Amino acid sequence: MKFGKYIIFEGADGVGKSVLSQKLVSRLGEKATWTCEPYTHSPHSTPQLPICTALRDFCLSSKYDLTLAGRELMLLTSRSVSLNHIVVPNLLRGQTIISDRSFISGMVYAYMEGMSFTSWLNIVEETKLLHLESYVKDIEHRSILQPDLVVLVHSTQYLPKSLSSGDRYDSKDERFFRQLEMTYSESLRCLVNRGFLKQDAILEFTNDMSLSIDENVDKLCTLIENKKHSDPWNDLKQKIAEAEKKTNCIACDSNDDVKVSHQYSGGDLGGQYLIVPLCKMCRIKWFCSSEFRNELVERYPKDLEDISF
Ligand SMILES: [Zn+2]
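Residues numbered from 1 in each chain as written. Predicted model: local features only at pLDDT ≥ 70, side-chain atom pairs only at ≥ 80, totals over all residues.

Draft legend 1. Broad picture of the overall build of the protein. Broken down by element type, the protein carries 11 helices and eight strands. Burial statistics for the protein: of 309 residues in total, 31% are counted as buried. Long-range contacts, defined as pairs at least 24 residues apart, comprise 71% of the intrachain contacts of the protein with a sequence gap of at least 6. (Helix = DSSP H or I, 4+ residues; strand = E, 2+ residues; numbered from the N terminus. Buried ≥ 20, exposed ≤ 12 C-beta atoms within 10 Å, placed from the backbone. Contact = placed C-beta atoms within 7 Å.)

Right under this line is the structure:
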């Protein structure tokens, strides 16, 4: 069985996520299904989930005073329903899912309200609300669904929402928008560190308001296509080739038979690949002494490379 691709569009309000994501779906034709979060409806034959719509409207309405944690629990419940009833069944049929927003928006907006990333992720881990239902776990051997691609959309221009729908965030200004943009970037770094996201699944895209929608979608498609063919091993080979040009040992500056030592440390989701030009004596120390290696890591961080697979 071929699991479909799960592509998420994220970014601040007004950057053009909805238009871009829907346009991309219409280009992909029948292979793709569009959805959005935290409520789920789709013009592309996805059934509506009334519970998601109800929860979303309740949470975002400024008429109700919910506690921060209470609202997050309701939004996570809605995400859990749409994940397990829309996203996963479609992926299992081999469909590409293109989602306008995701759990990442939940984390970012909770942060803007005063909840740290850690507290939010702790709620997710404690409640298991973003975990997959057991039948999927059996097929996929994983409990969390990682997106294949997160397109973080930026915009060349700040456009305030023109129509007020009574949502909590409609009245916010450009300062709030800029803070949101920054928080999105920080949230992705945090998610990579916590194992919810792979570094190479992130694609940042700037929606150019001076171009037409189709021109922007063309640009985006090219970036996605290039990303598919980028090879982390190739990048690594290039970095090793760069290091091999160095003639002096980075530990003692000797030029006695300098060669590049490299070593990978990390888990499935990425880690650190150490690429260090060392002289003959220091190479022996490098292989024999973990203390020497740790000291080098601390002393010469600029000569070491991080890499994710
Ligand atoms: Zn040396």
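On we go from here.
Draft legend 2. Structural context of the sheet that holds strand 1 (residues 6-10). Reading across from one edge, 2-3-1-4-5 is the order of the five strands in this open sheet, with parallel pairing throughout. Among the strands making up the open sheet, the edge pair consists of strand 2 (32-36) and strand 5 (202-207). Here the average twist between neighbouring strands, direction ignored, is 20°. Across the sheet, helix 7 (residues 174-193) is in contact with strand 1, strand 4 (149-155) and strand 5; its angle to strand 4 comes to roughly 160°. (Pairing = 2+ DSSP bridges. Axes fitted to C-alpha atoms, helices over the stretch in contact; angles between N-to-C directions.)

Draft legend 3. Region of the structure containing helix 4 (residues 103-112). Counted residue by residue, helix 4 has nine buried out of 10 residues, so it is predominantly covered. Buried within helix 4 are the following residues: F103, I104, S105, G106, M107, V108, Y109, A110 and Y111. The inward-facing, buried residues of helix 4 contact strand 1, helix 3 (68-92), helix 5 (117-127), strand 4 and helix 7. Positive backbone phi, at 115°, marks G114, one or two positions downstream of helix 4.

Functional significance is not addressed by these values, which are geometric in nature.
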